[in-house]
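# Reading the structure
Residue strings, one per chain:
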Amino acid sequence: MTGTNGLEEKGRISKLIQHVIVVPLMVFVLLLSATAYVWHEIKQVQLSQEISDARDDLEFVSAHLAAHLDVRFVLAQLIRQEWIDAQTLNPADFAAIVRPKLQRFMDIQAINWLGPDGVIKWVNPLEGNEGAIGLDIRNHPVASRPLKDAERLKELRVTPPIDLAQGGRGFVVYLPVYELGQLKGFINMVFRISSLIEGALPAGSLQNYDLHITDGETPVFENHLGTHLATPASRQIGVGNRQWTISIAPTRAAGSEFSQASSNLFLLLGLIFTVALPLMLFQLMKRNAELRMTQRRLADWADISSDWFFETDENLRYTYFSPRFEEVTGVPPEQLLGKTRQEGGAPEAEPAELQAILRNMEDRLPYRDFEHSRTKPDGSKVFLSVSARPAYDDTGNFIGYRGIGRDITERKTSQKALNDALIASEHANRAKSEFLATMSHEFRTPLNAIIGFSEMLKEQYFGKLGDKNYVEYATDIHRSGRHMLDLVNDILDFSAIEASKRQMHPEAFSFQDVLSDGIRNVETQLRKKNLSLKQELDADLPPLYADKRSVYQIVLNLLSNAVKFTNPGGGVTITASSDGKVFSFCIADTGIGIAQDQLATITEPFSQSQADPHIAGSGTGLGLTIVKSLVEAHGGALEIESETGVGTRVTVRLSVTKK
Ligand code: ADP
């Protein structure tokens with residue numbers, strides 16, 4: 001049963017989950033999409049911010065680089081002017097002009113002097129630039145061209161990027177020096193790209209971008225940091241006679257750590273929220289659905305129950321009655337709702353009982369089976385039984401009473417009928433007992449006369465009767481009279497016990513003494529029938545506490561039966577024992593026994609299992625009935641075991657202690 005219930009419960013819960021999972025699932029999907037969308041938007045905004053930053057920085061870098069180079073080209077012009085003004089043409093003077101400039105502009109690799117033949121003559125500084133001395137530029141595959149252009153156009157010319165004689169990549173500037181229209185040579189400024197860029201751009205300005213500088217197709221500088229986040233922005237600057245293209249692209253590696261962390265944090269929080277909110281929603285909806293189901297169950301039970309339910313608030317005013325209340329009492333709940341028990345009309349109950357219930361409610365105590373009646377609007381009366389207990393909220397505050405009521409009209413009616421019947425039967429019983437007692441008493445006086453006079457006749461106290469038949473008849477009258485007296489006595493006894501009129505005088509006495517008296521009474525029959533008698537009494541038998549006359553009557557009745565229903569030569573055994581609480585004695589015989597089908601009713605009045613009138617006739621059929629009544633009047637138990645042809649065993653169990 002439990003297994004099936006468990007399965008049903010599981011099925012019910014899974015149905016419930018199916019029912020409530022849809023909304024949280026939809027919320028989950030919505031939140032997930034919203035998080036993904038917002039995260040993507042944030043990323044886009046961040047990227048466009050970075051792109052816009054990149055464009056700003058491109059302007060800055062380009063302007064800076066162009067200005068930087070322009071300053072150096074002007075410097076070349078200045079050197080030329082100072083050189084022309086110096087009017088000398090020796091290396092020392094050249095070095096004197098050039099050195100302060102080199103110290104000031106550290107990113108310049110070298111400032112050289114070329115003869116009109118295009119061969120490098122003097123190099124400043126010499127250290128690190130030794131490889132350049134004697135180099136014939138006019139034969140250089142790339143630099144010869146700008147040199148020639150410089151000579152021809154008489155102005156500064158810049159080479160494209162070349163491999164420097166000093167090693168590394170760079171570019172070179174040639175500025176022709178003319179005196180009176182005659183070419184004296186060239187001022188040659190050498191730039192190493194890496195030091196130029198480092199010197200040109202402020203520290204840290206290249207950390208967030210890939211910077212790419214090209215001279216036409218030839219790369220000048222490349223600063224590759226990582227994957228591009230967006231297409232590069234580019235701008236052109238003039239470098240002397242040449243055009244450089246500067247491209248800048250924000251990179252993933254360089255993307256702002258803060259913005260990346262903040263967008264990741266948003267994603268993380270968004271995902272947590274996306275999972276947590278639907279879960280909470282699911283729990284909430286599940287609990288709500290369970291609550292609704294429980295409420296529906298309770299409402300169903302309240303609807304179909306033959307009892308009704310009610311509730312009050314903390315001021316003991318009724319707040320709820322289930323529908324059954326109106327069905328039973330005919331009072332519409334609206335008539336009582338919002339009212340206290342007193343305001344709703346005091347029920348028809350014992351004033352003391354009603355006061356006790358009201359006190360109970362004041363003291364916030366539960367009450368049970370408060371029985372009262374109500375007169376219905378149609379005038380009929382209903383009996384109600386109400387029980388209730390105080391209810392408390394989670395924080396332990398009293399919130400009112402909850403209770404049930406029951407229609408007990410039928411029970412009350414049948415109880416009354418039963419009481420009436422009982423009283424009537426008691427009357428009848430008393431009348432019967434009185435009749436029996438009177439009748440028996442009335443019988444005994446004439447019976448004693450019959451017995452006394454018939455005895456005188458049969459014993460022929462006053463002379464012979466004559467015919468021997470008279471003696472025989474007198475003997476018959478005497479025997480029948482005695483039998484009738486026995487019967488009358490037994491009936492009197494039985495009706496007295498039944499009507500509880502017989503006085504019991506419990507006392508402590510020795511069972512052995514009572515037994516000896518009993519045995520003495522049947523000794524003659526024992527001898528006549530040649531029956532053996534065995535006594536097996538425990539040595540330390542306690543005294544028995546009971547009505548001595550009753551125990552004697554029990555023992556005598558049982559002994560007489562054992563002797564009467566045992567064939568000559570048989571035996572009777574008496575045993576007695578006690579465990580300190582129960583005193584039991586047993587009278588067993590090896591007699592004719594009682595048929596199984598009669599055993600159950602053998603203690604009923606006038607029941608005799610013996611069909612043989614010779615045996616049965618000597619008894620009244622009331623002996624065992626009286627024994628049973630006496631044993632029960634002592635709160636004891638009687639047990640009869642018997643088998644036809646084997647014997648009978650009657651056990652009596654009495655309580656040892658005082659009651
Ligand atoms: P009675 O006065 O007839 O003995 P009892 O009530 O004492 O009345 O016994 C009812 C009947 O139970 C007896 O008539 C007899 O048939 C049967 N009975 C009682 N005791 C014994 C016994 N010890 N052995 C066999 N039958 C018995």
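In this report, we go over the structure that sits alongside the text. (Residues numbered from 1 in each chain as written. Predicted model: local features only at pLDDT ≥ 70, side-chain atom pairs only at ≥ 80, totals over all residues. Heavy atoms only, no water.)

### Observations regarding the sheet that holds strand E8 (residues 218-223)
Strand order in the open sheet formed by four strands is E8-E7-E10-E9, and the pairing between neighbours is antiparallel. Strands at the two margins of the open sheet, each flanked by one partner only, are E8 and strand E9 (233-239). The sheet shows a mean angle of 20 degrees between the axes of neighbouring strands, taken without regard to direction. (Pairing = 2+ DSSP bridges. Helix = DSSP H or I, 4+ residues; strand = E, 2+ residues; numbered from the N terminus. Axes fitted to C-alpha atoms, helices over the stretch in contact; angles between N-to-C directions.)

### Topic: the packing of aromatic side chains
Here the structure, examined in full by the defined rule, presents 18 aromatic pairs. Seen from their ring centres, tryptophan 113 and tryptophan 122 are 6.2 Å apart, and the 25 degrees between their planes marks the pair as stacked. A relative accessible area of 17% means that tryptophan 122 is categorised as buried. Ring centres of tyrosine 318 and phenylalanine 321 lie 4.8 Å apart, and the angle between their planes is 45 degrees; this geometry places the pair in the tilted category. Taken together, Trp308, Phe310, Tyr318, Phe321 and Phe325 form an aromatic cluster joined through their ring pairs. Looking at arginine 104, its charged tip hangs above the ring of phenylalanine 105, at a distance of 5.2 Å from the centre. In this structure, lysine 154 packs its charged tip against the face of tyrosine 178, placed 4.9 Å from the ring centre. (Phe/Tyr/Trp six-rings, centres within 6.5 Å; stacked < 30°, edge-to-face > 60°. Buried < 20%, exposed > 50% of the residue type's maximum accessible area, 1.4 Å probe, protein only. Lys NZ or Arg CZ within 6 Å of the ring centre and 35° of its normal.)

### A word on the sheet that holds strand E14 (residues 381-392)
Taken in spatial order, the five strands make up an open sheet running E12-E11-E15-E14-E13, and their pairing is antiparallel. At either margin of the open sheet sits one strand with a lone partner, and together these are strand E12 (318-321) and strand E13 (367-375). The mean angle between the axes of side-by-side strands here comes to 25 degrees, regardless of whether they run parallel or antiparallel. Two strands pair when backbone bridges link them, and strand E11 (residues 308-312) and strand E15 (residues 398-407) are joined in this way by four bridges, in the antiparallel orientation.

### Some thoughts on the side chain of threonine 566
Within the secondary structure, threonine 566 is located in the loop between helix H11 (548-564) and strand E19 (571-578). Among the residues examined, threonine 566 registers a relative accessible area of 0% and is labelled buried. Within the local environment of threonine 566, its side chain forms a polar contact with the backbone oxygen of alanine 562, the two atoms lying 2.4 Å apart. Excluding its chain neighbours within four sequence positions, the residues that come into contact with threonine 566 are Lys529, Leu531, Gly571, Asp589, Thr590 and Gly591. (Polar contact = N/O pair within 3.5 Å; in protein donor to acceptor, adjacent residues only side chain to side chain. Contact = heavy atoms within 4.5 Å.)

### Observations concerning helix H3 (residues 144-153)
The set of residues buried in H3 consists of Ser144, Pro146, Leu147, Asp149 and Ala150. The inward-facing, buried residues of H3 abut strand E1 (108-114), strand E3 (157-158), strand E5 (169-179) and strand E6 (182-192). Immediately beyond the C-terminal end of H3, within one or two residues, lies lysine 154, with a positive phi of roughly 60 degrees.

### Notes on the nonpolar core
Note on soluble globular proteins: their nonpolar side chains tend to be buried together. Counting 45 residues, the largest nonpolar core has Leu65, Ile79, Ile111, Phe171, Met189, Ile213 and Trp244 as the members making the most contacts within it. Examining the composition of this core, we find that eleven residues originate from one element, helix H1 (residues 2-86), more than from any other. Here isoleucine 79 is in contact with Phe94, Ile97, Val98, Lys101, Ile111, Ile187 and Met189, once residues within four sequence places are set aside. By size, the runner-up hydrophobic cluster in this structure holds 42 residues, among which are Leu436, Val522, Leu630 and Val656. (Core = buried A, V, L, I, M, F, W, Y, C linked by side-chain atoms within 4.5 Å.)

### Brief notes about a nonpolar patch on the surface
The grouping of Ile21, Val22, Val23, Leu25 and Met26 at the surface amounts to a nonpolar patch, some 430 Å² of accessible area in total. Accessibility expressed as a relative area gives 39% for valine 23, which makes it partly exposed. (Patch = residues over 30% accessible without salt bridge, like charges linked within 9 Å, V, L, I, M, F, W, Y side chains within 5 Å. Areas by Shrake-Rupley, 256 points an atom, 1.4 Å probe, with all protein chains shown as cover. Salt bridge = Lys/Arg side-chain N within 4 Å of Asp/Glu carboxyl O.)

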